[in-house]
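Residue-level structure breakdown
Listed here are the chains, written in short residue letters.
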Amino acid sequence: MADCATRRLALDLALAVVYTVVSIVVTRGIAEADDAPFDLLAHVLVVAIGATLALRRRWPLGSLAASTVFLVVYTLRDYPGGPVYLALLIVIYTLASSRGWRPVIVPVLLSLGALLAASVVSYDSKVFWIHVGFVGWTAAAIFLGDAALNRRNYLAGLEQRARDLEESREEEARRRVAEERLRIARDLHDVIAHGITTIHMQSGVAAHVLDRHPEAAGPALRAIKDVSKQTLAELRATLHLLREGNESAPLAPTPGLDRLEALVETTRRAGVPVDVTVQGERSVLPPAVDVTAYRIVQESLTNVMRHASAAHAEVAVIHAPDHVEIEITDDGRGASAAPTPGHGITGMRERAEMVGGHLEAGPRPGGGFRVQATLPLVGSAP
């Protein structure tokens, strides 16, 4: 910014010097040809008028007033015309290009009126009509200055919009990264919580029967093997996504309701009988809805195993033309099953909201706990 200001000042100084030299040389030639006066005061006035060009950007109104005063004196002294009057046009152009045409009308009219009055006082009709014609050049200077200001504002607006667009893209990218991290965190929570809970319960069963009925420990150990294998597979896929971080990497685990029976079976092996009912005509669900429904059932059954001490649980899936409804109920401890809100219910609710649905979770009037989610099929996130 400082370098730009320095360059503009250097250009203004160069313009002032060139203008002053050219004006003095040309006007002296005119004065000699017309036998007109061009004394020391005329030289001083031309230099002073040229100096206003060097200051016109910093003090445009002051430069207009100063150049007008100097030109009025120049005109009253009957000095010959010439390029000396062009300085006023340059100052007017600069003023209009910095403020627009409306704010400069009054000061410019005052300046032109002063020049016309000076030409009348000097009794030089030739100079008077030259100044009258000067009005047209002044209007052109105002028009060009205003056009330059509009173009500069337009380009500045384009640059600002480009910056805003870039910032919005970066913000959108950051938002997507945050959402993806949250989604992966939910997947990790669901996978680990369900797997570890099942393994914990099955290992407890195996430890309990190992001494007295070793043959009964076999199913529990096989269940531990199956659950741990499935959990490791899903964790491996999620971690691979995190490591690769590109589109060639596989997506995070996206199981759906087609794996509902396998999911329920792990809960049954943990000692909690689960009934599954499916109503309505099955349809191909959007991937986001499918995995959301699966994760809600998974987390709900995990909570049943961890907190509820339930003797029985039910999973109901209702397919409708425009939505799918999931309901998980148990006959456990109800509200006391989860005395403080945890990541599980919060994560389920966030998952449902991400696909445009909603979720309700709370104790049942007759005892136990109920999780109910409605997930729309239209307008779901991909």
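What comes next is a walk through the structure. Here the structure is a predicted model, which is why all the values come from computation and not from measurement.

Scoring rules and cut-offs
- Residues numbered from 1 in each chain as written.
- Predicted model: local features only at pLDDT ≥ 70, side-chain atom pairs only at ≥ 80, totals over all residues.
- Heavy atoms only, no water.
- Helix = DSSP H or I, 4+ residues; strand = E, 2+ residues; numbered from the N terminus.
- Buried < 20%, exposed > 50% of the residue type's maximum accessible area, 1.4 Å probe, protein only.
- Contact = heavy atoms within 4.5 Å.
- Areas by Shrake-Rupley, 256 points an atom, 1.4 Å probe, with all protein chains shown as cover.
- Phe/Tyr/Trp six-rings, centres within 6.5 Å; stacked < 30°, edge-to-face > 60°.
- Pairing = 2+ DSSP bridges.
- Axes fitted to C-alpha atoms, helices over the stretch in contact; angles between N-to-C directions.
- Parallel < 35°, antiparallel > 145°, perpendicular 65-115°, else oblique.
- Left-handed = near helix turned anticlockwise from the far one by under 90°.
- Nonpolar A, V, L, I, M, F, W, Y, C, P; charged D, E, K, R; others polar.
- Expected span 1.5 Å × (residues − 1).
- Polar contact = N/O pair within 3.5 Å; in protein donor to acceptor, adjacent residues only side chain to side chain.
- Salt bridge = Lys/Arg side-chain N within 4 Å of Asp/Glu carboxyl O.
- Patch = residues over 30% accessible without salt bridge, like charges linked within 9 Å, V, L, I, M, F, W, Y side chains within 5 Å.
- Lys, Arg positive; Asp, Glu negative; His and termini not counted.
- Charge placed at Lys NZ, Arg CZ, Asp CG, Glu CD.

The next point concerns the overall build of the chain. When you go through the chain residue by residue, the secondary structure sums to 10 helices and 5 strands. Within the chain, the fraction of its 382 residues that count as buried is 40%. Taking as baseline every contact in the chain between residues at least 6 positions apart, the subset at least 24 positions apart corresponds to 72%. Put simply, the chain shows about 21,400 Å² of open surface, and 62% of that area lies on carbon and sulfur atoms.

Attention shifts here to the packing of aromatic side chains. The relation between two aromatic rings is expressed through the spacing of the ring centres and the mutual angle of the planes. The tally for this structure, following the rule as stated, stands at 2 aromatic pairs. Measuring from centroid to centroid gives 5.1 Å for Tyr 74 and Tyr 79, while their planes differ by 50 degrees, and the two rings are tilted. By relative accessible area, Tyr 74 is classed as buried at 0%. Ring centres 6.1 Å apart and planes at 85 degrees place the aromatic pair Tyr 74 and Tyr 85 in the edge-to-face group.

Turning next to the sheet that holds strand 3 (residues 323-330). The 5 strands lie next to each other as 1-2-3-5-4, forming an open sheet whose pairing is mixed. In the strand order of this sheet, the two ends are held by strand 1 (274-279) and strand 4 (358-363), each with one partner. Each adjacent strand pair in this sheet contributes to an overall mean axis angle of 10 degrees, direction not counted. One ladder, built from 6 bridges, connects strand 1 with strand 2 (residues 313-319); its direction is parallel. Across the sheet, the residue bridging to Thr 277 is Ala 316, located in strand 2. In this fold helix 8 (residues 260-269) packs onto strand 1 and strand 2, with an angle of close to 160 degrees to the strand it touches most, strand 1.

What follows covers the packing of helix 3 (residues 60-76) against helix 4 (residues 86-99). In contact at an axis separation of 9 Å, helix 3 and helix 4 are set at 160 degrees when each is read in the N-to-C sense. As the angle between them shows, helix 3 and helix 4 are arranged roughly antiparallel. Crossing handedness for the pair helix 3 and helix 4: left-handed. Here helix 3 contributes Pro 60, Leu 61, Ser 63, Leu 64, Ser 67, Thr 68 and Leu 71 to the contact with helix 4, which in turn contributes Leu 88, Val 91, Ile 92, Leu 95, Ser 98 and Arg 99. Looking at the contact of helix 3 with helix 4, its residues break down into 8 nonpolar, 4 polar and 1 charged.

The geometry of helix 2 (residues 40-55) relative to helix 3 is characterised by a closest axis approach of 9 Å and an angle of 165 degrees between their N-to-C directions. If you check the angle between helix 2 and helix 3, you find them roughly antiparallel. The element helix 2 and its partner helix 3 pack so that their crossing is left-handed. In this structure, helix 2 contributes Ala 42, Leu 45, Val 46, Ala 48, Ile 49, Thr 52 and Leu 55 to the contact, and helix 3 contributes Pro 60, Ser 63, Ala 66, Ser 67, Phe 70, Leu 71, Val 73 and Tyr 74.

Residues other than glycine seldom take positive phi values, yet Asp 78 does so here, at roughly 60 degrees. Here Asp 78 shows up in the loop between helix 3 and helix 4. We classify Asp 78 as partly exposed; its relative accessible area is 40%.

This part is about helix 2. Its 16 residues place the ends of helix 2 23 Å apart at the C-alpha level, agreeing with the 22 Å of an ideal helix rising 1.5 Å per residue. Buried residues of helix 2: Ala 42, Leu 45, Val 46, Ala 48, Ile 49, Gly 50, Thr 52, Leu 53 and Ala 54, and no others. Measuring from the side-chain oxygen of the N-cap residue of helix 2 to the backbone nitrogen of Leu 41 gives 3.3 Å; that N-cap residue is Asp 39.

This paragraph deals with the environment of Ala 185. With respect to the helices and strands, Ala 185 occurs in helix 6 (residues 125-209). Considered as a pair, Ala 185 and Gly 347 are 162 residues apart in the sequence and their alpha carbons are 9.4 Å apart.

A few words now on the pattern of salt bridges. Using the criterion set out here, one finds 7 salt bridges in the structure. Between Arg 268 and Glu 265 there is a salt bridge whose closest N-O contact spans 3.5 Å. Of this pair, Arg 268 and Glu 265 both sit in helix 8, 3 residues apart, roughly one helical turn. Residue Arg 268 is classed as partly exposed on the basis of its relative accessible area of 31%.

A cluster of acidic side chains, namely Asp 164, Glu 166, Glu 167 and Glu 170, defines a negative patch on the protein surface. Residue placement: Asp 164 occurs in helix 6.

Another point: the environment of Ile 105. Summarising the element assignment, Ile 105 is placed in helix 5 (residues 105-121). Taking the C-alpha atoms as reference points, Ile 105 and Ile 142, 37 residues apart in sequence, are found 8.6 Å from one another.

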